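Structural overview
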Amino acid sequence: MSKTKSFIISKQAVWDSYLKVKSNHGAAGIDRCSITAFEEDLRNNLYKIWNRMSSGSYMPPPVLRVEIPKGDGKMRALGIPTVADRIAQMVVKNHIEPELESIFHPDSYGYRPKRSARQAVSLARKRCWKHDWVVDIDIKGFFDNIPHDLMMRAVKKHTNERWVLLYVERWLKAPVQIRDGVIEERTQGTPQGGVISPLLANLFLHYAFDHWMQSNYPGNPFERYADDSVVHCDTKAQAKRLKSEIAKRMERCGLELHPEKTKIVYCQDANRTEEYHLHRFDFLGFCFRPRLSRNKYGRYFVNFSPAIAPKAKKEIFAEIRQWCLHRRSDLSVKEIANKLNPVVRGWIEYYGAFFESELIFLVHHLDKLIYRWVIRKYKKQGSNFKRAENWVKRIKCKSPNYFVHWGLLRA
């Protein structure tokens, strides 16, 4: 390694970062260069990243802004860095993440190694049984409104590496390019979609929320996944006071709670009979509300528990519609199964963790889709809905595991 370089960054660190970026796939940025295209001159491209980062001359290109639909009909803006910039961000992320992981709160679950949304939902479920009230917190436009000065103060608290501070600040200030080519300067926020952004977001909320809660309200446990948080309280008065204090805290940190989405919820069940107008909330794709459950003795009772949220169901229906599988008469039934099963398996493993019976809609919806595919595939043989249904039944009898969603009926 040359002694003339301003910063000591190993070539191995750049190589390891490239491998991680490649495994994550991802779209091309403003240069339209995909991973495949980047690899056509891999050696030189990786050398350029290392050389510029080591010399302090690396300047992040603008981030490509794309919009994806949200469940409420609105659009969410994502920032897509170039492949090279994602690799550079990964170099910094890999360097500082171990230090930050050592100080992060155990009830922070978003974008962290060996932690998952399902773990957060499971813990929230248990705590809703112990505490009667919940403050469901939603931060308005969190990723777009993080103050850069406070963000840099948090980063400086955990590293004195000049190259890390230099590049984090440059990424925070990197402009955004809209689809029509217009460049927008950015004075706050960090693009949702960047490699370094989730780690920076967690660090910001560690001090803005997690550490503050632990210091001031240790008796009120919480689960946080990125900017989605659920705080547990024992009384309504306590929940009202805490909601107000959290709003003030966010305001001091340059953020704002969403006035409609932030709410107090009563965890109503068979033993909780207090009158209150809100007794449900959504968290990470699950709807927590009173549900009829059965205990180990076979007796039914009302339990406050999570199951797949209506919003998540709508998103699943929307994704299935985009497949247009009923029109793919060029595919064999095996190819249809290969296309369906990996995605459906992921839905079942996640949403089926609690109240799996709520996923029965998948069986009916996907079977109807397969019936329509059979009718179109074999229309020359005069296939109709009844014949298609019988055709599918024969496969079910012969190979009950052919389609993953059929296992829900047996469960």
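In the block above lies the structure referred to throughout.
Below you will find a few notes about this structure.

Cut-offs used in this document
Residues numbered from 1 in each chain as written. Predicted model: local features only at pLDDT ≥ 70, side-chain atom pairs only at ≥ 80, totals over all residues. Heavy atoms only, no water. Helix = DSSP H or I, 4+ residues; strand = E, 2+ residues; numbered from the N terminus. Areas by Shrake-Rupley, 256 points an atom, 1.4 Å probe, with all protein chains shown as cover. Lys, Arg positive; Asp, Glu negative; His and termini not counted. Charge placed at Lys NZ, Arg CZ, Asp CG, Glu CD. Phe/Tyr/Trp six-rings, centres within 6.5 Å; stacked < 30°, edge-to-face > 60°. Buried < 20%, exposed > 50% of the residue type's maximum accessible area, 1.4 Å probe, protein only. Lys NZ or Arg CZ within 6 Å of the ring centre and 35° of its normal. Axes fitted to C-alpha atoms, helices over the stretch in contact; angles between N-to-C directions. Parallel < 35°, antiparallel > 145°, perpendicular 65-115°, else oblique. Left-handed = near helix turned anticlockwise from the far one by under 90°. Contact = heavy atoms within 4.5 Å. Nonpolar A, V, L, I, M, F, W, Y, C, P; charged D, E, K, R; others polar. Expected span 1.5 Å × (residues − 1). Pairing = 2+ DSSP bridges. Core = buried A, V, L, I, M, F, W, Y, C linked by side-chain atoms within 4.5 Å. Polar contact = N/O pair within 3.5 Å; in protein donor to acceptor, adjacent residues only side chain to side chain. Salt bridge = Lys/Arg side-chain N within 4 Å of Asp/Glu carboxyl O.

Details of the overall build of the protein
Summing up its helical and strand segments, the protein has 15 helices and eleven strands in all. When the backbone C-alpha atoms are referred to their principal axes, the protein occupies close to 75 × 60 × 35 Å. Carbon and sulfur atoms form 50% of the exposed surface of the protein, whose accessible area is close to 21500 Å². Side chains of the protein give 71 positive and 44 negative charges; the mean places of these two sets differ by 6 Å.

What about the packing of aromatic side chains?
Using the criterion set out here, one finds 25 aromatic pairs in the structure. For the pair Trp 133 and Tyr 266, a centre-to-centre distance of 4.6 Å together with 35° between the ring planes defines the contact as tilted. Linking Trp 133 in strand E3 (residues 133-138) with Tyr 266 in strand E8 (residues 263-266), this pair joins segments that are 133 residues apart in sequence. A single burial state applies to Trp 133 and to Tyr 266, both of which are buried. Here Arg 115 stacks its cationic end above the ring of Tyr 109, 5.3 Å away from the centre of that ring.

A few points about the packing of helix H12 (residues 333-351) against helix H13 (residues 360-377)
Where H12 contacts H13, the axes come no closer than 13 Å and their chain directions differ by 165°. Taken together, the axis directions place H12 and H13 in an arrangement best described as roughly antiparallel. Seen along the crossing, H12 lies across H13 with a hand that is right-handed. Facing Val 333, Ile 336, Leu 340, Val 344, Trp 347 and Ile 348 of H12, the residues of H13 in contact are Leu 362, Leu 366, Ile 370 and Trp 373. Here the contact of H12 with H13 is built from residues that sort into ten nonpolar, no polar and no charged.

Thoughts on helix H8 (residues 162-173)
Relative to the 16 Å expected for twelve residues at 1.5 Å per residue, H8 spans 17 Å between its end C-alpha atoms, a close match to the ideal helical length. Looking only at H8, the buried set comprises Trp 163, Val 164, Leu 165, Tyr 167, Val 168, Trp 171 and Leu 172. Considering only its buried residues, H8 is in contact with helix H3 (42-55), helix H4 (83-101), helix H7 (148-156) and helix H9 (197-216).

Some points on the sheet that holds strand E5 (residues 183-184)
Read from one edge of the open sheet, four strands run E2-E1-E4-E5, paired in mixed fashion. The sheet terminates laterally at strand E2 (75-80) and E5, the two strands that pair on one side only. Direction of pairing for strand E4 (residues 176-177) relative to E5: antiparallel, over a ladder of two bridges. Bridge pairing in E5 places Gln 177 opposite Ile 183.

Brief notes about the nonpolar core
If you look at the biggest cluster of nonpolar residues, it comprises 66 residues, and the most contacted ones within it are Met 53, Val 92 and Ile 246. Among all residues touching Met 53, those that are not within four sequence positions of it are Phe 7, Ile 9, Tyr 58, Ala 88, Val 91, Val 92, Trp 163 and Tyr 167. One finds Val 134, Phe 304, Val 363 and Val 374 within the second-largest nonpolar core, a separate group that totals 53 residues.

Quick notes on the sheet that holds strand E6 (residues 222-225)
Overall, antiparallel pairing links the four strands, which are arranged E6-E7-E3-E8 in an open sheet. In the strand order of this sheet, the two ends are held by E6 and E8, each with one partner. Taking each pair of neighbouring strands and ignoring which way they run, the sheet shows an average axis angle of 20°. Bridge count between E3 and E8: four bridges; the pairing is antiparallel. Each bridged residue has a counterpart across the sheet, and for Trp 133 the counterpart in E8 is Tyr 266. Those strands touched by helix H5 (residues 117-130) are E3, E6 and strand E7 (228-233), and its axis lies near 160° from that of E6. Sheet strands in contact with H9 are E3, E6 and E7, and its direction is about 175° off that of E6.

Let's talk about the side chain of His 105
For His 105, the location among the structural elements is in the loop between H4 and H5. Within the structure, His 105 has its side chain in polar contact with the backbone nitrogen of Asp 107 (distance 2.9 Å). Residues within four places of His 105 in sequence aside, it is in contact with Arg 112, His 206, Asp 210, Gln 214 and Phe 222.

Digging into the pattern of salt bridges
For the structure shown, the criterion picks out 16 salt bridges. A salt bridge links Arg 224 to Asp 210; the shortest N-O distance between them is 2.8 Å. Residue Arg 224 is located in strand E6, and its partner Asp 210 is located in helix H9; the two are separated by 14 residues in the primary sequence. Both residues of the pair, Arg 224 and Asp 210, count as buried. For Lys 248, the salt bridge goes to Glu 245, with nearest N and O atoms at 3.7 Å. Note that Lys 248 and Glu 245 are positioned in helix H10 (residues 236-252) at a spacing of three residues, about one turn of the helix. Lys 248 sits in the partly exposed class, given a relative accessible area of 41%. One continuous salt-bridge network, built from bridges that share partners, spans Asp 107, Arg 127 and Glu 223.

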